[in-house]
Amino acid sequence: MASRNRNRVAPKEQNAWNIPVQTKSETDRQPARKPSTANGSKGGAAAAAAATSEPAGMSSSKIPLPSSMLKKSQEKFNQVQRQHAETAKKYAAKYVSSEEEEEEGVDGSGQEAGAAASNDAATRNILGDVLKNYHGAEADVGKTQEYLQHLLESRNAVCLICIETVKRADRIWSCAACYTFFHLMCIQRWANDSMSMKRINHEQQEGYYNNRGEYIPKPALDVHWDCPKCRREYEPEAIPRHYECFCGKEREPNAHPWLIPHSCGEPCEKQLNPACGHTCRLLCHPGPCPPCPQTVNVSCRCGSSPVKTIRCAQKSWTCARKCKRKLACGIHECGAQCHDAGQCPPCQNRSKQPCLCGAQTKEVNCHESRWQCDSVCNKPFPCGLHHCEGVCHAGPCGPCPLGLPRSCPCGKTETRAASCSERIGTCGDTCEKVLACGQHLCPERCHQGACGNCLELVPKVCRCGSTKKPIVCHREAICEGRCKRTRTCGKHQCNRKCCDGQCPPCDRVCGKTLPCGKHKCSSLCHQGPCYPCNQKSTIKCRCGGTVAEVACGRERKANAPKCKLPCRAASKCHHPNTHTCHPGDCPACVLPCGQPNDTTNCEHPCRAKCHDAVQVVTREKNFKPVGPWDVPKETVEVKTLPHPACTVKVPVMCLGGHETADWPCSSSKPSSCGRQCGRLLKCGVHRCPLACHKVTHRASTTQDSRCEPCSAGCTLPRPEGCVHSCALRCHKPPCDPCLVSIKSQCYCGLTQVFYKCHEFYPTGMEGKEPEELAELTRRRESFLSCDQKCIKNFPCGHRCTSICHPGRCPNPEQCSKKVKVACKCGQRKMEVSCKVARATPTALDCDQQCEAVRAQKQEEQERKEREARAEEELQNQRELEEYERKFGKRKHRERKRHQVQQEEKGTHWAVYVAPAVAVLIGVALYFLFVQ
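As annotated in an unreviewed UniProt entry, the chain carries the name PHD-type domain-containing protein and comes from Anopheles melas. Under the UniProt heading Sequence similarities (unreviewed entry), the entry covering the chain gives this text: "Belongs to the NFX1 family."

Written out as structure tokens, the structure is:
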């Protein structure tokens, strides 16, 4: 549409004076449009390309462009358009990560669960390293952390210019306002193309005349480029030339797998915003720096509160006290809540204050005490002849201005009069003051008073812009043409002479019948529906005691007015109406019934809500639906319901007399409380185990005729050690002796003994004397002994001589068994008792016979040793002789030598012939295969 408008020339209008009219294209009158870019869509790039191609289609421009420039621009546009179309197809069809992205870890995630888990762990480690030096609130660093997460984990980091993924190793540029990433080459090309397009558009623009004949020059050249996303303006010097990290410290940062992509890994150290003197403590990061986390000791804004420790980003805090500084009036205090010094609001107290000249007085705000009225001062000057012509002012009026050096009316000749009463005449020269038009000078001679109207003839265009003719300068050019446009009502024509396009509203009366149907619209002719009727109608409540006014036509839709008078409708129950006047049916009565309850036939009045007139919904019982859409018919009837059961609480005692509880009157009959009866049975030990039951006397605590008789066995405690129960039924103590026979092993374990339980565990042994307990112990030992000889052995190995007994065998040292003892050499032997042998281990000594036997044994051993040595020497001699016989000196024998004669062999002719034949055969086979 823009290119079509450029080629269209404004039509020429018929001119009565045949003055040539300059034609301007509509494009020159409109400012150049900025190429708009959507968020990452290819439409923004296409729009930018279309804007770049606009100069190629301008055929009606006053300044033709060189053909080489137009051709180059068109070729560039076609190339960019093809690239964008291919990129958009590939991106829209399917997004597939390249192998380079997977290797470098851009936005990293692999397909396998292990790779995903490792990438998540790496992301957490990188985020932890970047944020480890930040000690502020977690909410303050949320925006920066969001940018980090988007950069590390998202797969949607796309350059909005080329619509390609921003990879980890790509050279990028980040906008300082919206922090969006772009490829460095893309943003450079974008900036240069934008500025080139603006320069070309500026060269094609020209000045023009508006409809009032004023010349409008073309605007000044303003060359800048914008961010493709947020449209922030940058100067030409701000075009990025180098690839830098986010903090700007390092150029060409290397891609590191354990750092933020495009980051140098060093502390950011940018000045925080708002400027507080501190720097960012995070590692080099994208996005905005978080608020300052440092803590400072500051007071409140007014300075009246004590100093407290607070975050630097929140150091401007407000206390709950009120400011007590004096306002500008010097009378009243501020009274506003804590604020900075010098920012007190103006005083809002009102008082009567005179104006500057003191002629008038009115009530004004305290901060507006010095005000100026509209009356002329009119105070006499010191000369007494003239009065001050200035508007209301303070202070003296000053000297008479006619007494100062004066000039002639045109101001060319200056003179000093003798007195302020003397009149200064004209100089006779041309006035030449600038007239009210601001363009021409007064052509009359120097004169008193104001200059007249400008009578210079100048060409002017009429208000509607259809004609142009010379006319007196102070007059407006008006033609005789009538405006044919339709006014704002959309019905009537403007019909005004030489209309400038700003047609006045229609001045006719509408006259349509309003929606109320009673009145007609009295507004001026207009479009659309008429306003509602502004007349009022009255509506009444149901009883007619209250009247209200509503808009005309709203009588049927408006609600009845709220009436506070009592309702006059007849009551449907036995209670009088207590509610106020209302529309529709009376509400259900909410008072208690109060009539005798004939349902329970008790003396209590019915306390339920009044049920004389209750709406009852009845459904047809024999209804058979045809389908799921068919529902039974409901009939609403007003009926009188019977009295409900009486719910008054009355005390009721249970059947067994255990407790008294409050029960509703309708069910106030004695019943079982569920507890155990607990009455003492005749046995005197147990109590009735039945649940609470009916008894003859509720106050009695002994067994009743309806109680269950005791059927339990004896529960008296048995003697200590007795494990047998009493065979009798429940009875009073004591129990009969236990006659159970017990079988047990004797102490030695050879024989089984039998005894009665009551003999081994007698009753009544609690609290007995130690002698009686010792006697009981001896008796129990006699029961467990078999009265035979003990089968155990003493430590010496001989059998115990005592009768079957518990514990260790007694007197092992008194063993009298016979044992044999011998001397050291074992030659002498004799029998003694065991206790003697253990007392004297060396009972026998060796005698002379023992010595003779020992000497004989020693001689026999020496003889055997001599025979063994002689045998060994003889054997060694035999082995030596055998060795000398085998390895002694031998006679030399001459070895026979065999002469080997080598035949001299000549070179055979076949050695040279065989290779030549092989080569010939190979060549023949080669040619054979080639053919």
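Back to the write-up after that little detour.
Undergrad: Give me the lowdown on the overall build of the chain, citing residues and values where you can.
TA: Helix and strand content of the chain: twelve helices and 24 strands. Each of the 931 residues in the chain was classed as buried or not, and the buried ones make up 27%. Considering only intrachain contacts with a sequence separation of at least 6, the fraction spanning at least 24 residues in the chain is 32%. When the accessible area of the chain is evaluated, it comes to approximately 64,900 Å², of which 51% is carbon and sulfur surface.

Undergrad: I'd love a proper account of the state of the cysteines, names of residues and values included.
TA: Enumeration over the complete set of coordinates arrives at zero disulfides. Free cysteine Cys 543: the closest other cysteine sulfur is in Cys 541, separated by 3.4 Å. Cys 602 provides the cysteine sulfur closest to Cys 646, a residue in no disulfide bond, and the two sulfurs are 3.7 Å apart.

Undergrad: Just give me the short version of the pairing of strand 23 (residues 818-822), but keep the residues and values in it.
TA: Every second residue of strand 23 is oriented toward a common face, the buried set being Val 819 and Val 821 and the non-buried set Lys 818, Lys 820 and Ala 822. The pairing of strand 23 with strand 24 (residues 829-833) spans five bridges and is classified as antiparallel. The residue of strand 24 that forms the bridge with Val 821 is Met 830. Adjacent in sequence and paired antiparallel, strand 23 and strand 24 are bridged by six residues, among which Gly 826 carries a positive phi angle near 75°.

Undergrad: Residue-level account of the nonpolar core, with values.
TA: By size, the foremost hydrophobic cluster in this structure holds 44 residues, and its most contacted members are Cys 159, Ile 161, Trp 173, Phe 182, Ile 187 and Trp 225. Counting residues per element, the ones that place at least two in this core are strand 1 (172-174), strand 2 (181-183), helix 7 (184-204) and strand 7 (295-298). With six residues, the single largest contributor to this core is helix 7. With sequence-adjacent residues up to four places away left out, Ile 187 is seen in contact with Ile 161, Trp 173, Phe 182, Trp 225, Pro 228 and Pro 240.

Undergrad: Describe the packing of aromatic side chains, listing the residues and the values that go with them.
TA: Enumeration over the complete set of coordinates arrives at nine aromatic pairs. A ring pair is formed by Trp 173 and Trp 225, whose centres lie 5.8 Å apart and whose planes are at 55°; its orientation type is tilted. Here the residue Trp 173 occupies a position in strand 1, and Trp 225 occupies one in strand 5 (residues 225-226), the gap between them amounting to 52 residues. Each member of the pair, Trp 173 together with Trp 225, is buried.

Undergrad: Explain the pattern of salt bridges residue by residue, including any values.
TA: Counted by the stated rule, this structure contains 18 salt bridges. Salt-bridge contacts for Arg 231 lead to Asp 226; the nearest nitrogen and oxygen are separated by 3.8 Å. Taking relative accessible area as the criterion, Arg 231 reaches 25% and is therefore assigned partly exposed. Asp 226 gets classed as buried once you look at its relative accessible area, which sits at 4%.

Undergrad: Give me the environment of Asn 597: which residues, what numbers.
TA: Note on placement: Asn 597 falls in the loop between strand 16 (547-551) and strand 17 (614-619). Through-space distance from the C-alpha of Asn 597 to that of Pro 642 is 9.0 Å; in sequence the pair is 45 residues apart. For Asn 597, the residues in contact, after removing those within four places along its chain, are Cys 602, His 604, Cys 606, His 643, Pro 644, Ala 645 and Cys 646. A polar side-chain atom of Asn 597 sits 3.0 Å from the main-chain carbonyl oxygen of Pro 644.

Undergrad: Summarise the confidence of the model for the chain; cite the residues concerned and give the values.
TA: Mean pLDDT over the chain works out to 77, with 80% of the residues at or above the 70 mark. In the predicted structure, residues 92-117 sits below a pLDDT of 50 and forms 31 contacts with residues beyond four places in sequence or in another chain. Every residue in residues 898-907 is under pLDDT 50, and counting partners more than four places away or in other chains gives one contact.

Undergrad: Please set out the environment of Gly 342 residue by residue, giving values where relevant.
TA: Considering the arrangement of structural elements, one finds Gly 342 in the loop between strand 8 (308-311) and strand 9 (350-354). Of the residues examined, Gly 342 reaches a relative accessible area of 77% and is grouped as exposed. Sequence separation between Gly 342 and Arg 325 is 17 residues; the distance between their C-alpha atoms is 9.4 Å.

Undergrad: Give me the lowdown on the side chain of His 183, citing residues and values where you can.
TA: With respect to the helices and strands, the residue His 183 is situated in strand 2. Once residues lying within four places of it in the same chain are set aside, the contact partners of His 183 are Cys 159, Cys 162, Glu 164, Thr 165, Val 166, Asp 170, Arg 171 and Ile 172.

Undergrad: Outline a nonpolar patch on the surface, listing residues and values.
TA: Residues Val 911, Tyr 912, Val 913, Val 917, Ile 921, Leu 925, Leu 928 and Phe 929 make up a contiguous nonpolar surface patch of roughly 860 Å² in combined accessible area. Note that Val 911 resides in helix 12 (residues 910-930).

Undergrad: Can you tell me about unusual backbone geometry, naming the residues and giving the values?
TA: In this structure, His 262 is a non-glycine residue whose phi angle is positive, near 65°. Mapped onto the elements, His 262 comes out in the loop between strand 6 (233-234) and strand 7. Residue His 262 is classed as buried on the basis of its relative accessible area of 6%. Despite not being glycine, Cys 498 has its phi angle at roughly 40°, a positive value.

Undergrad: Go over the pairing of strand 14 (residues 468-472), please, and point to the residues and values.
TA: For a regular strand, side-chain orientation follows a simple rule: the groups alternate between the two sheet faces. Here five bridges tie strand 13 (residues 457-461) to strand 14, and the two strands are oriented antiparallel to one another. When the sheet's bridge partners are listed, Lys 460 is paired in strand 14 with Lys 469. Count of turn residues in the strand 13/strand 14 antiparallel hairpin: six residues, of which Gly 465 carries a positive phi of about 80°.

Parameters at a glance
Residues numbered from 1 in each chain as written. Predicted model: local features only at pLDDT ≥ 70, side-chain atom pairs only at ≥ 80, totals over all residues. Heavy atoms only, no water. UniProt positions renumbered as here; feature names shortened; annotations may be inferred. Helix = DSSP H or I, 4+ residues; strand = E, 2+ residues; numbered from the N terminus. Buried < 20%, exposed > 50% of the residue type's maximum accessible area, 1.4 Å probe, protein only. Contact = heavy atoms within 4.5 Å. Areas by Shrake-Rupley, 256 points an atom, 1.4 Å probe, with all protein chains shown as cover. Disulfide = S-S within 2.5 Å. Pairing = 2+ DSSP bridges. Core = buried A, V, L, I, M, F, W, Y, C linked by side-chain atoms within 4.5 Å. Phe/Tyr/Trp six-rings, centres within 6.5 Å; stacked < 30°, edge-to-face > 60°. Salt bridge = Lys/Arg side-chain N within 4 Å of Asp/Glu carboxyl O. Polar contact = N/O pair within 3.5 Å; in protein donor to acceptor, adjacent residues only side chain to side chain. pLDDT = per-residue confidence, 0-100. Patch = residues over 30% accessible without salt bridge, like charges linked within 9 Å, V, L, I, M, F, W, Y side chains within 5 Å.

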